[in-house]
Amino acid sequence: MSRDRWVALLLCLAALAFFAAPPRRNAVTTALTWWRDFGRTPSNLLPMQRGLNVAVLDADGRLHKAQAFDTYWQADSGFAEFISALPSDVWVVVVVQDDAATSLSAADLEGLQRLGGTTALSGRIGWSYILVGRPGIEAGLEWISQKAVEADQPAGTLVSGHPLPVRLRIRSAGYSAGASAWLSTGATAGGSLLPWVRVALRRS
Amino acid sequence: MYLGLSLALLWGSGVLGARLLQLRSIWDRMLAAAALSLAEVVLLSLAIGLWSGGYRPLPLTVGTAAVFVVLLAASIRTGRIVTPPLEPEDRPYLKAMLLVILLTLPIWLWILFNGLVLPPVYWDELYYHLVAPAIWAREGQVHFFATSNPFVAGYPANLDMLWGWTMVMTGTDVWADLGGLPFVFMGLVAVLAFCRRLGLQARYAFWGGLLFVTTPVVIWHAKASYIDLPMAALFGVAAYFLYSFATEGSRRSLLPGAVTMGLMVGAKYSGPYLVVAGLLPILYYMWTALIRRVSWVQAALWYGLPILLIGGFWYGKNLLQFGNPLHPMRLSVAGVTIFDGRYAPDAFTFTKPENSWVTLGKALLDTDPYPLMDSFYSGFGPQLLLLAIPATVLFLMKEKRRRWVIAIAWLLPLFLSVAVLPARYPRYVVHLNLFLLPFAVWLMEDMAKWPRRIVQVICISFVGYCVVIASPIYSVKPNAYPVSVNTIWAAHRVGPGSQAAKIQQLNDEAGRPLRLITGSLRLTYPLLGERWQNDLLYVEPTDEETWLANVKRSGADYAWYEAGWDVLVEAPWVKRHPEVFEPVFTDGTIQIYRIHAGEGGS
């Protein structure tokens, strides 16, 4: 066999060995998983951090701000001040990840109550919790459980007489339920190009 | 507008400069134009930016226009304004280059998209590459300020000045974070230029270019304000010109090679070692040429002066400011410390933590299942280990006529660069692919038709593999993209700069820019705020009483420390004065104190 054929044959064998090795298969699997998630994962509008994950939506249901407050660790996480500074015409979704009760202060509970929540979260260490409300309303939508809780509220659902502007899909998992926080308004990461273009223009 | 105009003028000046040098080959002209344009950015940023108010879009653009006009006048006066004609073989080479760009266009559009929608999220750009440029752009002057971050204070910043140029022209970090992208194409041109110089056919050089631009580290670093990919591309360009000098002895090649070396010397502390590696082709020519076209003195001047001019500033500045040109690095020779510094330099650490060649071997054989910018292993792609290295060995065995000049003027500088740049991170030595892939092209051209086809099919599988593993932005989880779209700055939460969220909250609460005292802070950039509005102060811990008085006088709103700050001299002082330092936040990674200056403060 000529030198060229030997080279081609050896290269074929080396490439096969290279691609068959577990590190390469793992690398490809990791990458493909990332891409699959990029295409399919609904938009999670929350920061996904320990404590109270808060999303503030404007009157049209667009995300205005998302922030997490670690009330597991801190009594003065800033949550109460954050809520008290909100205007009255926004929607607020509060979702617990991991634990939000350990250092939850009286001021934080007042903040929840200002959004139409109760004091149910107080002392419920590691519990899952969701609150959908608006500043100053009487009663928001509230879920709390030791297990994970999920809520799927269609657009138009009345909350103290105010119709939800968009569909909300929410999931909270406390410490023993897997520790995660999720809020989606229906759009997927690979959805409309318009928001991406808007951001690109704004940033550049 | 200013960015586009200034870049056009810079490129125009580079092209005119290359014509004045009378470079015949279009590849030489392209690479020289790029190197001269980059050098102009550095020199203008220093010459104009060091003056108060000079580091603004208008003065810098006017400076660029002035240089362009001078070079234009010189070109007309010397009759070198006309573009030299293309050589016959250049046309297929240009087609090969365009084909590589077209085939990989989806990758670069994806990189562009990420650059436009995601803020900087990688470690080193948050640590130091973007910090000083942002402050200079905000304050309209290149100046040197007290900071607790030793890399911001002292690291040479030639390439950071490129990021700074885009930041001052646009007021955003978007284009700085895409700063790696042009260097992908510079590397591509360097690969093709070297293939051309080896006399290889364009149809096979195409494969070398394709395999280089799809190298995983190259793709990863296209969206980053890191300087590793730029350094790799620049070293390839410098080595190309110096190899040309080694074979032709023309000063026209020596000058752009030296300019490129100067850029590297002023960009990274490994630059001086690369300058030594670059001496090899020069020495080869001076010792082997039957009739020397330059004298030893001329060669020394043409190589040394541009390097000093373009790369020397930061060393002089550090010497004056810190008494150590390599601050914050330590320089020891044979156990004797010449200049003291906090860190040992990367270079010449052959055995720590392990022999660099062992690390390189691991990097060639292994692949991180979760490849990141800073992965210890992976990044070169299979094309280096399986194709380029064996092809280089075969070339040296078979090409008896050219092997010595290639070995000494091309491969030995590469060997030295790898020796002094431990492959602790493959990103340090990604120029391996740039230097060795031309030999894969040679192998392909040298083969018979059918074996060559098989090799080409294997190359396609390499390209596919590299693109698949390198295209995700691993530091940003897919579900974080919508968060970044809605609240841009929030994307920092998905990267190492999670403190961006906290600084945004504090800025929102205060409703004004903040003044922050920092100590041993690594992820400095996010603290400047989304519009670089916050002031970062460093109060040097001399003694407790003086330090406390200075803190009160500083007018700082908060003191901001990272995990592990307990080792700082001032740590016990902070804890002893709760009336001044009120703890307001910690998440295990950062510790924030609100400062109460009291009556004695501002």
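So, here's what we can say about the structure. It should be emphasised that the depicted structure is a prediction, and the values quoted were computed from it without experimental measurement.

Right, let's get into the packing of helix α2 (residues 26–49) of chain B against helix α4 (residues 90–103) of chain B. Residues and elements named next belong to chain B. For the pair α2 and α4, the least separation of the axes is 11 Å and the interaxial angle reads 50°. For the element pair α2 / α4, the angle class is oblique. Contacts from I26, W27 and M30 of α2 reach α4 at D90, Y93, L94 and M97. For the contact of α2 with α4, the per-class residue count stands at six nonpolar, no polar and one charged.

Once that is clear, we can look at the interface of chain B and chain A. By a frequent convention, interface size equals the accessible area lost on bringing the separate parts together. The partner chain A presents 52 residues to the 61 residues of chain B that form the contact. Interface area, chain B with chain A, both sides summed: about 4,800 Å², of which 67% is carbon and sulfur. At the boundary of chain B with chain A, the tally comes to one salt bridge. For the salt bridge of R3(A) with D446(B), the shortest nitrogen-to-oxygen distance reads 3.0 Å. Scanning the region where chain B abuts chain A turns up five residue pairs in polar contact (both at pLDDT 80 or more). In terms of residue count, the dominant contributor to the side of chain B that touches chain A is helix α23 (residues 449–470) of chain B (nine residues).

We now examine the packing of aromatic side chains. Counting across every chain of the model gives 42 aromatic pairs over all chains. Considering the side-chain rings of Y128(B) and F151(B), the 5.1 Å spacing of their centres and the 35° angle between planes classify their relative orientation as tilted. On the criterion of sequence distance, the pair formed by Y128(B) in helix α6 (residues 123–129) and F151(B) in helix α8 (residues 150–154) is long-range, its members being 23 residues apart. The residues Y128(B) and F151(B) share a single accessibility class, namely buried. Look at Y243(B) and W410(B): their rings are 6.1 Å apart centre to centre, the planes differ by 75°, and that puts the pair in the edge-to-face class. One end of the pair, Y243(B), is in helix α14 (residues 228–248); the other, W410(B), is in helix α21 (residues 403–420), with 167 residues separating them in the sequence. The exposure class assigned to W410(B) is buried, which follows from its relative accessible area of 0%. If you follow R124(A) out to its NZ or CZ, it ends over the ring of W127(A), 4.7 Å from the centre.

Residue and element names in this part refer to chain A. Taken together, the side chains of W6, L9, L10, L13 and L16 make up a nonpolar region of the molecular surface, amounting to roughly 520 Å² of accessible area. With respect to the helices and strands, L10 occurs in helix α1 (residues 3–20). Exposure remark for L10: the relative accessible area of 52% places this residue in the exposed category.

Residues and elements named next belong to chain A. Summarising the sheet, strand β9 (residues 168–174) and strand β10 (residues 180–184) pair through five bridges and their orientation is antiparallel. Bridge pairing in β10 places R169 opposite S184. The hairpin turn running from β9 into β10, its antiparallel successor, is five residues long, and G178 in that turn takes a positive phi close to 120°.

Thresholds applied
- Residues numbered from 1 in each chain as written.
- Chains lettered and ligands numbered in written order.
- Predicted model: local features only at pLDDT ≥ 70, side-chain atom pairs only at ≥ 80, totals over all residues.
- Heavy atoms only, no water.
- Axes fitted to C-alpha atoms, helices over the stretch in contact; angles between N-to-C directions.
- Helix = DSSP H or I, 4+ residues; strand = E, 2+ residues; numbered from the N terminus.
- Parallel < 35°, antiparallel > 145°, perpendicular 65-115°, else oblique.
- Contact = heavy atoms within 4.5 Å.
- Nonpolar A, V, L, I, M, F, W, Y, C, P; charged D, E, K, R; others polar.
- Buried area = accessible area lost by both parts, 1.4 Å probe.
- Salt bridge = Lys/Arg side-chain N within 4 Å of Asp/Glu carboxyl O.
- Polar contact = N/O pair within 3.5 Å; in protein donor to acceptor, adjacent residues only side chain to side chain.
- Phe/Tyr/Trp six-rings, centres within 6.5 Å; stacked < 30°, edge-to-face > 60°.
- Buried < 20%, exposed > 50% of the residue type's maximum accessible area, 1.4 Å probe, protein only.
- Lys NZ or Arg CZ within 6 Å of the ring centre and 35° of its normal.
- Patch = residues over 30% accessible without salt bridge, like charges linked within 9 Å, V, L, I, M, F, W, Y side chains within 5 Å.
- Areas by Shrake-Rupley, 256 points an atom, 1.4 Å probe, with all protein chains shown as cover.
- Pairing = 2+ DSSP bridges.

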